[in-house]
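# Commentary on secondary and tertiary structure
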Amino acid sequence: MRGAARAAGGRTGQLWPRPPAPGPGPPPLLLLLAVLLGGAGAQYSSDLCSWKGSGLTHEAHRKEVEQVYLRCSAGTVEWMYPTGALIVNLRPNTFSPSRHLTLCIKPLRGSSGANIYLEKTGELKLLVRDGDLGPGQAPCFSFEQGGLFVEATPQQDISRRTTGFQYELTSRHAGPDLHTLSAPCRPCSHTEVLLAVCTSDFVVRGSIQNVTHEPEQHESAIHLHVSRLYRQKSRVFRPAPEGEGGGWRGRVSTLLECGVRPGRGEFLFTGHMHFGEAWLGCAPRFKDFQRMYRDAEERGLNPCEIGTE
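Quick notes on the rules
- Per chain, residue numbering runs from 1 following the sequence as it is written.
- Note on the predicted model: pLDDT of at least 70 is required for a residue's local features to be given, and 80 or more for side-chain atom pairs to be given and counted; whole-chain, interface and lining totals, by contrast, use all residues.
- The side-chain numbers reported here are obtained from all heavy atoms of the structure, hydrogens and water having been left aside.
- We call a pair of cysteine sulfur atoms a disulfide when they lie within 2.5 Å.
- A run of DSSP states H or I qualifies as a helix once it reaches four residues; a run of E qualifies as a strand once it reaches two. Both are numbered from the N-terminal end.
- To sort residues, take the accessible area from a 1.4 Å probe on protein chains only and compare it with the maximum for the residue type: under 20% means buried, over 50% means exposed, and anything in between is partly exposed.
- Stacked, tilted and edge-to-face are the three classes applied to pairs of Phe, Tyr and Trp rings, where Trp contributes its six-membered ring and a pair requires centres within 6.5 Å; stacked means planes under 30 degrees apart, edge-to-face means over 60, and tilted covers the rest.
- Charges are assigned to positions over rings by a cutoff of 6 Å between ring centre and Lys NZ or Arg CZ, combined with an angular limit of 35 degrees from the ring normal.
- Note on pairing: DSSP must find at least two bridges between two strands before they are called paired.
- To obtain each axis, a line is fitted to C-alpha atoms, and for helices this fit is confined to the stretch in contact; angles are then taken between N-to-C directions over 0 to 180 degrees.
- Should an angle fall under 35 degrees it is taken as roughly parallel, and over 145 as roughly antiparallel, whereas 65 to 115 is taken as roughly perpendicular and any remaining angle as oblique.
- Whether two residues are in contact is decided by their heavy atoms: any pair within 4.5 Å suffices.
- Following the grouping adopted for this structure description, the nonpolar residues are Ala, Val, Leu, Ile, Met, Phe, Trp, Tyr, Cys and Pro, the charged ones are Asp, Glu, Lys and Arg, and the polar ones are all others, Gly among them.
- When a carboxyl oxygen of Asp or Glu lies within 4 Å of a side-chain nitrogen of Lys or Arg, that pair is called a salt bridge.

## Some thoughts on the state of the cysteines
- Considering all chains together, one arrives at four disulfides under this definition.
- Paired by a disulfide, Cys104 and Cys140 hold their sulfur atoms 2.1 Å apart. Judged by the sign of its S-S torsion, about 110°, the cystine formed by Cys104 and Cys140 is right-handed. Pair noted here: Cys104 is in strand 6 (residues 102-107) and Cys140 is in strand 9 (residues 139-142), with a separation of 36 residues, a long-range link. Like Cys104, the residue Cys140 is buried in the burial classification.
- In this model Cys198 forms its disulfide with Cys304; the gap between the sulfur atoms is 2.0 Å. Given an S-S torsion of about -95°, the disulfide between Cys198 and Cys304 has left-handed geometry. With Cys198 in helix 2 (residues 190-199) and Cys304 in the segment after helix 3 (286-298), the pair connects residues that are 106 residues apart, well separated along the chain.
- Taking the relative accessible area as the measure of exposure, Cys198 reaches 25% and is therefore partly exposed.

## A few points about the packing of aromatic side chains
- Per the stated rule, a full pass over the model turns up four aromatic pairs.
- Taking 5.8 Å as the distance between ring centres and 50° as the angle between the ring planes, the aromatic pair formed by Phe289 and Tyr293 counts as tilted. Taken together, the residues span about one helical turn, with Phe289 and Tyr293 both in helix 3 at a distance of four residues. One exposure class covers both Phe289 and Tyr293, and it is buried.
- A network of ring pairs unites the aromatic residues Phe286, Phe289 and Tyr293 as a single cluster.
- For Arg205, the ring lying beneath its charged end belongs to Phe286, and the centroid distance is 3.9 Å.

## Overview of the pairing of strand 16 (residues 248-255)
- Sheet topology note: the strand 14 (residues 219-232)/strand 16 ladder contains eight bridges and is antiparallel. Bridge pairing in strand 16 places Ser220 opposite Thr254.

## A closer look at the packing of helix 2 against helix 3
- Two numbers describe how helix 2 lies on helix 3: the axes approach to 10 Å, and their chain directions differ by 90°. Put simply, helix 2 runs roughly perpendicular to helix 3. Two secondary-structure elements touch here, helix 2 through His190, Val193, Leu194 and Val197 and helix 3 through Phe289, Met292, Tyr293 and Ala296.
- Of the residues contributing to the contact of helix 2 with helix 3, the split by class is seven nonpolar, one polar and no charged.

## Some points on the pairing of strand 6
- Taken across its six residues, strand 6 has six buried, putting it largely inside the fold.
- Here three bridges tie strand 6 to strand 9, and the two strands are oriented antiparallel to one another. Each bridged residue has a counterpart across the sheet, and for Thr102 the counterpart in strand 9 is Ser142.
- Summarising the sheet, strand 6 and strand 11 (residues 162-170) pair through six bridges and their orientation is antiparallel. Within strand 11, the position partnered with Pro107 by the bridge is Phe165.

## With respect to the pattern of salt bridges
- Per the stated rule, a full pass over the model turns up five salt bridges.
- The salt bridge involving Lys233 is made with Asp201; its shortest N-O contact spans 3.4 Å. A residue pair is termed long-range when its members are at least 10 positions apart, and Lys233 in the loop between strand 14 and strand 15 (238-239) and Asp201 in the loop between helix 2 and strand 13 (202-214) qualify at 32 residues.
- Take Asp201: its relative accessible area is 9%, and that puts it in the buried class.
- The residue Arg291 makes a salt bridge to Asp288 at a minimum N-O spacing of 2.9 Å. Of this pair, Arg291 and Asp288 both sit in helix 3, three residues apart, which is roughly one turn of the helix.
- For Arg291, a relative accessible area of 53% gives the class exposed.
- Residue Asp288 is classed as partly exposed on the basis of its relative accessible area of 24%.

These figures capture arrangement, not role.
Put into structure tokens, the structure is as follows:
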């Protein structure tokens, strides 16, 4: 959060109001970022991956900005009784250059009491509004775009408020704008399918057994029977119980708005792990994938090799 330090200008513990921004958008912050060298001080998590703290450590009449330092590629932040603000400093121990990293956050269930912003050089962009757990609840952005600033919202009673979110850093590319790593609802192009086969966290051939919808989470769970397992980075798919004719079973998630329903036939399912869950990417019918793959193979355009039989 180098921009926060410049905005503070070395004035420890001082906070200034910001003028309202023109036009529609999230309400402007009433706190300009400050770095406290005293007061609440810097708080370090015990394991350098996750942090849990309380706003009750602040004096009631002061709106302090507390520093949180984390050094992992994934973890959790939980802020009970939120008052004032947090600056979350992520400095992961990774060999990948920061320009190649994507940071995603996902509010914990029931999170409330604060807004979460993307901050760079004093400019703020709203990521998650207080209490908003609807679609797009896991925004992602390039690690170089800025850091996280969490500001408590005015509350008459903070006794039951806890702001919490998971974070994870991945090496998958993020575009210039905020986005989510959720599955696209549109069909993938031939090029996207072939690239997905080479770069996805899991690639399996199988059929849809059932689909369950979770309206509160705005997600659908697709339950699969897998006849061939090409690749998986986590143990999403496990051997099927005896009596089911072999193969593997597992589930992948997608957006509720995609309207996925059970269907006959075999598909090639690809996707990525996101906050410990498998998220669907491209899923062409297997016979269509075979045709795409053979056509690309004949033209020497296959980005990688995979069995199609």
